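# Analysis of the macromolecular model
This is what each chain is made of:
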6 protein chains.
Amino acid sequence: MTADHGLTHVDETGAARMVDVSGKAVSVRSAVATGRVLVSDDVVRALRDSTVPKGDALGVARIAGIQAAKRTPDLVPLCHPIAIHGVVVDLDVHDDHVAIRAEVRTADRTGVEMEALTCVSVAALALVDMVKALDPSATITDIRVEEKLGGKTGVWRREGLEA
Amino acid sequence: MTADHGLTHVDETGAARMVDVSGKAVSVRSAVATGRVLVSDDVVRALRDSTVPKGDALGVARIAGIQAAKRTPDLVPLCHPIAIHGVVVDLDVHDDHVAIRAEVRTADRTGVEMEALTCVSVAALALVDMVKALDPSATITDIRVEEKLGGKTGVWRREGLEA
Amino acid sequence: MTADHGLTHVDETGAARMVDVSGKAVSVRSAVATGRVLVSDDVVRALRDSTVPKGDALGVARIAGIQAAKRTPDLVPLCHPIAIHGVVVDLDVHDDHVAIRAEVRTADRTGVEMEALTCVSVAALALVDMVKALDPSATITDIRVEEKLGGKTGVWRREGLEA
Amino acid sequence: MTADHGLTHVDETGAARMVDVSGKAVSVRSAVATGRVLVSDDVVRALRDSTVPKGDALGVARIAGIQAAKRTPDLVPLCHPIAIHGVVVDLDVHDDHVAIRAEVRTADRTGVEMEALTCVSVAALALVDMVKALDPSATITDIRVEEKLGGKTGVWRREGLEA
Amino acid sequence: MTADHGLTHVDETGAARMVDVSGKAVSVRSAVATGRVLVSDDVVRALRDSTVPKGDALGVARIAGIQAAKRTPDLVPLCHPIAIHGVVVDLDVHDDHVAIRAEVRTADRTGVEMEALTCVSVAALALVDMVKALDPSATITDIRVEEKLGGKTGVWRREGLEA
Amino acid sequence: MTADHGLTHVDETGAARMVDVSGKAVSVRSAVATGRVLVSDDVVRALRDSTVPKGDALGVARIAGIQAAKRTPDLVPLCHPIAIHGVVVDLDVHDDHVAIRAEVRTADRTGVEMEALTCVSVAALALVDMVKALDPSATITDIRVEEKLGGKTGVWRREGLEA
């Protein structure tokens, strides 16, 4: 993409491609991602009291996250399509934020960390949509992979995390 | 979803999740679903004479059903993405209704009854769309699984059905 | 589609087409559709007690219905893309079925009865998915338009309905 | 969704719904959202030198963001479908992060802050996907609306921001 | 995209963006595109005799084209989402090819030539899929805009075409 | 589809169906497709100088092609959903056209020639969209399969091609 500086032939250095994984083994893999949505006191109260005007905000966010995990290859251009075999999304209401945690599992040829990150991100977006009338400043933050299991790499855990 | 009665911690009882099937075996599975669209005499005549103004109603319904079967995990939030390996949709014009029957086959980790039901439902919706100018009262009815083969359950047939 | 009986030239009689509505006026239109999912006593009990193992079945069905309403033109081949401006889905648990009712509103060039029917159908499919482990015989039935307002037709109500 | 505590009739308090906006005026509206992806020195170097192995990371992220903005109503369950009329996504490589800024414009019935947030979030996800082989700890953070113009609210700016 | 030659700041020259059209007027616009699929004698015979083994090839191609026209903004990254108001697709079987012609109409803010081209291209792809078992060499060719009406440009016709 | 000449029972001859491949073996398969976009001198110059006003045209085309390859079963009605495991798209600017070449790989049950053709077609559409302001006559041409490897057929090469 950055490579055709006036040349006729497009130099493939820099050209986006979907890496070939057809030779990788099918194995059980999982990934955990987390994130947070910073919200106002009003939002925390409405979530705790189930009085968010647009409806059950945590339930909507959870389903949005699960559906987005399935749609990851449609959203992330170079992601491989993957047969997702299990998704759990947890939302925890804290005093000044909602913590989101997603665990995605598959038995396929590549890892599912992008699926877990997409799940958390879209759950966060859906949550913001549900509460934005109460708090237009809601902020999505700290979305990251915590842990990744399976495949050739084996176990990867974010530094500072203990098993 | 129904579980956070004002509590800070979201009790996962009741929270929607996509059940983990990564441990299930890949095996050939199939499902048959059926349904009916009740239509007026005018519609039956137009279908039999191929004179529906919007075009070939049965053909459009059949393709809509096949495509919807592939999109089941996108429509049904907790459905697993599945590699559909075969779909046949039959439409039969009767004197006061159109009978729809879909058979879906896969070699994957979960059953395909939701795919068969989705196929019948969307074929029915597409059929209604084609004939609604002739009959705004067209009614979709009796959509159900008839038979399910494969997986750990083996054979399931709706009561009253014989093999 | 049914028109090329061995002829070189495809006679357009019978060919599917998306009817031109660019000349129609933008106006507020709405449609109400209803349907039912017949379920076993076990399912009724689990819905009333919020103990469906896969999670909040009514909540998932409601969201699936709303999202499907937005995706109607993607599912129904000859449907026009429409800017949906409001959707409400109600689910009522009765002693032997769940009643579903959807109302869709728009300010656009065509009616939204297909959107309302799609909303009810996919809410029903999602509900079946949530309870199928408890009742593999669950049946979707009586999906139909009840009422349609706006546009050149004005008011249409299913016979037997009073305003 | 949280409302059916064992009752037959589903109390609509708490039920998710798509709010009716058919009565709102069509007017020009815009929204700006920002966010950051924290990355390692290696990633910063590879972005600056255009040597990311999977290809042009910033270009892929930009396109992913634009496409996601168009797909917002598909991802966020209660979002209205909106005719997006313009999207600009900027990515700035800093010494320890990439700053993302999206501006979305429309002439429609509702604001586009969810579209701007979705644009930034998915651009960030795509960027993480491009660099995750170099830095599995990349973190998406501080995604928020900066400014919103048009509609009945007029101008909204995040506190601390000056025009 | 091609602009960040090792610089920290991404120079926006060359960066993909969706051009703002919110200031353009809503008006009726249409576009006609054409294309051809070169096929073997066997395929021509099967199409004329309606004996293509996978089913009604022309019918499937027509519906695929109509649906793809609606999905243009999803496929073409910088295309504006547009409310398509009418689509007609014609397929003509000639002695060594199938001619495809699509006309798309809208009342919106931008032209619909990309929608017409996408309609022809995907109708062609679907046709190839239907006949590829008979002719693996089928070739899609000469896809181009013939005519474009409406908007500020007024009328545009490919050179050599007469009104 | 062409089969119901006024008969009550729809004769399945001619009815579209998705052929059952559940019995086929999973094996590594690949396909190469090519195509060309004929463009004016102005476009060639702008592509070579990276001065296309809408942005990096070749980069956008490449990503559009990769994403479309993943969406093939959604676009081509009777195509099986396939787990694509690798995609490379090359674009070469020649003096009067841009040559496009796509190679798609999978380890699945059916060939990927439709995925390769779809990749080339949509890359071509996206390229036309990027340059249509400079050249409204741009023409997509000569899209065809060059080579297909794997599966029961083994190797297929377009006549005139040497390995």
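Reading the values: rules and limits
- Residues numbered from 1 in each chain as written.
- Chains lettered and ligands numbered in written order.
- Predicted model: local features only at pLDDT ≥ 70, side-chain atom pairs only at ≥ 80, totals over all residues.
- Heavy atoms only, no water.
- Helix = DSSP H or I, 4+ residues; strand = E, 2+ residues; numbered from the N terminus.
- Buried < 20%, exposed > 50% of the residue type's maximum accessible area, 1.4 Å probe, protein only.
- pLDDT = per-residue confidence, 0-100.
- Contact = heavy atoms within 4.5 Å.
- Least-squares fit on C-alpha atoms with pLDDT ≥ 70 in both.
- Axes fitted to C-alpha atoms, helices over the stretch in contact; angles between N-to-C directions.
- Left-handed = near helix turned anticlockwise from the far one by under 90°.
- Buried area = accessible area lost by both parts, 1.4 Å probe.
- Salt bridge = Lys/Arg side-chain N within 4 Å of Asp/Glu carboxyl O.
- Polar contact = N/O pair within 3.5 Å; in protein donor to acceptor, adjacent residues only side chain to side chain.
- Nonpolar A, V, L, I, M, F, W, Y, C, P; charged D, E, K, R; others polar.
- Pairing = 2+ DSSP bridges.
- Expected span 1.5 Å × (residues − 1).
- UniProt positions renumbered as here; feature names shortened; annotations may be inferred.

## Regarding the overall build of chain A
Check the secondary structure of chain A and you find four helices and five strands. Shown N-terminal to C-terminal, the secondary structure of chain A runs as helices and strands in the order β-α-α-α-β-β-α-β-β. With respect to the principal axes defined by its C-alpha atoms, chain A has extents near 60 × 45 × 30 Å. Put simply, chain A has 163 residues, and 64% of those count as buried.

## As for the confidence of the model for chain A
For chain A, the mean per-residue pLDDT works out to 90, and 90% of the residues sit at or above 70. Between residues 1-12 of chain A, whose pLDDT stays under 50, and residues either more than four places distant or in other chains, the model counts 44 contacts.

## A look at the relation of the copies chain C and chain B
The two chain copies are connected by a rotation around an axis plus a translation along it. Here chain C sits on chain B after a turn of 180° about the axis and a move of 0.0 Å along it, with an RMSD of 0.0 Å. The transformation relating the two chain copies, once decomposed into turn and shift, fits a two-fold axis. Residue C:Thr141 of chain C places its C-alpha closer to the rotation axis than any other residue of that unit, at 2.0 Å. Mapped onto chain B, 100% of the interface residues of chain C are again interface residues, and the two copies thus contact each other with one and the same surface.

## Observations concerning the relation of the copies chain F and chain B
With an axial shift of 0.0 Å and an RMSD of 0.0 Å, the rotation relating chain F to chain B amounts to 120°. Overall, the copies show the geometry of a three-fold rotation axis. When C-alpha distances to the rotation axis are compared across chain F, the minimum falls at F:Ala83, with a value of 4.8 Å.

## Observations concerning the packing of helix 2 (residues 57-70) of chain B against helix 4 (residues 113-131) of chain B
All names here are of chain B. Running from N to C, helix 2 and helix 4 cross one another at 145°; their axes reach a closest spacing of 7 Å. Crossing hand, helix 2 versus helix 4: right-handed. Two secondary-structure elements touch here, helix 2 through Ala57, Leu58, Val60, Ala61, Ala64, Gly65, Ile66, Ala68 and Ala69 and helix 4 through Glu115, Thr118, Cys119, Val122, Ala123, Ala126, Leu127, Met130 and Val131.

## Looking at the interface of chain C and chain B
Chain C puts 46 residues into the contact, and the matching count from chain B is 46 residues. Of the roughly 3,800 Å² buried between chain C and chain B on both sides combined, carbon and sulfur atoms contribute 64%. Taken as a group, C:Lys54, C:Leu75 and C:Leu125 account for 14% of the area that chain C buries against chain B, more than any other trio of residues on that side. The interface formed by chain C and chain B holds two salt bridges in total. In this structure, C:Asp74 and B:Arg71 form a salt bridge, with 3.3 Å as the shortest nitrogen-oxygen distance. Viewed at the interface, chain B and chain C are joined by 13 residue pairs in polar contact (both at pLDDT 80 or more). Of all elements in the fold, only helix 2 (57-70), helix 3 (72-75), helix 4 (113-131) and strand 4 (139-150) of chain C reach the threshold of two or more residues within the side of chain C that touches chain B. For the side of chain C that touches chain B, the leading source of residues is helix 4 of chain C, giving 11 residues. Looking at the side of chain C that touches chain B residue by residue, the class counts come to 25 nonpolar, 10 polar and 11 charged. Inspection of the sheet shows strand 4 (residues 139-150) of chain B paired to strand 4 of chain C by two bridges, in the antiparallel sense. Bridging from a neighbouring strand, B:Ile143 pairs with C:Ile140 of strand 4 of chain C.

## Things to note about the interface of chain F and chain B
Counting residues at the interface gives 27 residues for chain F and 30 residues for chain B. Between chain F and chain B, a total of about 2,200 Å² is buried, with carbon and sulfur atoms accounting for 50% of that surface. Salt-bridge contacts for F:Asp20 lead to B:Arg105; the nearest nitrogen and oxygen are separated by 2.6 Å. Summed over the shared surface of chain F and chain B, the result is nine residue pairs in polar contact (both at pLDDT 80 or more).

## As for helix 4 (residues 113-131) of chain A
The terminal C-alpha atoms of helix 4 of chain A lie 27 Å apart, and with 19 residues this matches the ideal 27 Å at 1.5 Å per residue to within 8%. Where burial is concerned, most of helix 4 of chain A is hidden: 19 out of the 19 residues are buried.

## Thoughts on the pairing of strand 2 (residues 84-93) of chain B
Residues and elements named next belong to chain B. Along strand 2, nine of the 10 residues are buried, which leaves the element largely enclosed by surrounding structure. Pairing geometry for strand 2 and strand 3 (residues 97-108), over nine bridges, is antiparallel. Looking across to strand 3, one finds that Leu91 is bridged to Ile100. A loop of three residues connects strand 2 with strand 3, the two strands running antiparallel in sequence.

## Quick notes on unusual backbone geometry
Trans peptide bonds make up the majority, and among non-glycine residues the majority have a negative phi. Residues and elements named next belong to chain D. Positive phi, normally seen in glycine, also occurs at Ser50, with a value near 55°. Relative to the helices and strands, Ser50 resides in the loop between helix 1 (41-49) and helix 2 (57-70). Positive phi, close to 55°, is recorded for Asp142, a residue that is not glycine. Structurally, the position occupied by Asp142 is in strand 4 (residues 139-150).

## Quick notes on the UniProt feature "binding site: substrate" (unreviewed entry) in chain A
According to UniProt, the feature "binding site: substrate" (unreviewed entry) maps to A:Leu78, A:Cys79, A:His80, A:Met114 and A:Glu115 in the numbering used here. A maximum C-alpha distance of 12.6 Å among these annotated residues, which run over 38 residues, shows that they cluster at one spot. Among the structural elements, A:Leu78 can be located in the loop between helix 3 (72-75) and strand 2 (84-93). On the basis of relative accessibility, which here comes to 1%, the residue A:Leu78 falls in the buried class. Ignoring sequence-local partners within four residues, the contact set of A:Leu78 consists of A:Ala16, A:Arg17, A:Met18, D:Lys54, D:Asp129, D:Met130, F:Ile66 and F:Lys70. By the element assignment, A:Cys79 lies in the loop between helix 3 and strand 2. Residues within four places of A:Cys79 in sequence aside, it is in contact with A:Met18, A:Thr72, A:Pro73, A:Met114, D:Asp129 and F:Lys70.

## Let's talk about the UniProt feature "domain: Molybdopterin cofactor biosynthesis C (MoaC)" (unreviewed entry) in chain A
Within this structure's numbering, the places UniProt gives as "domain: Molybdopterin cofactor biosynthesis C (MoaC)" (unreviewed entry) are residues 18-151 of chain A. For the annotated span residues 18-151 of chain A, helix accounts for 34% and strand for 34% of the residues, and the straight-line distance between the end C-alpha atoms is 18 Å.

## Topic: the pattern of salt bridges
Where charged atoms of side chains with opposite charge meet at close range, the side chains can pair. This structure, assessed with the given rule, holds 78 salt bridges over all chains. For D:Arg157, the salt bridge identified is with D:Glu147, shortest N-O distance 2.9 Å. Placement of D:Arg157 in strand 5 (residues 154-157) and of D:Glu147 in strand 4 is noted, with a sequence separation of 10 residues between them. The residue F:Arg101 makes a salt bridge to F:Glu103 at a minimum N-O spacing of 3.8 Å. Judged by relative accessible area, F:Glu103 falls into the partly exposed class, the value being 25%. Three or more residues joined by partner-sharing salt bridges are found here, namely A:Arg71, B:Asp74, C:Arg71 and D:Asp74.

## Some points on the environment of B:Gly35
Checked against the element boundaries, B:Gly35 lands in strand 1 (residues 27-38). Once the C-alpha coordinates of B:Gly35 and B:Ile82 are considered, the two residues, 47 residues apart in sequence, prove to be 23 Å apart.

## Observations concerning the environment of A:Arg29
All names here are of chain A. Along the polypeptide, Arg29 turns up in strand 1 (residues 27-38). As a C-alpha pair, Arg29 and Lys70 span 41 residues in sequence and 15 Å in three-dimensional space. Within the structure, Arg29 has its side chain in polar contact with the backbone oxygen of Arg109 (distance 3.3 Å).

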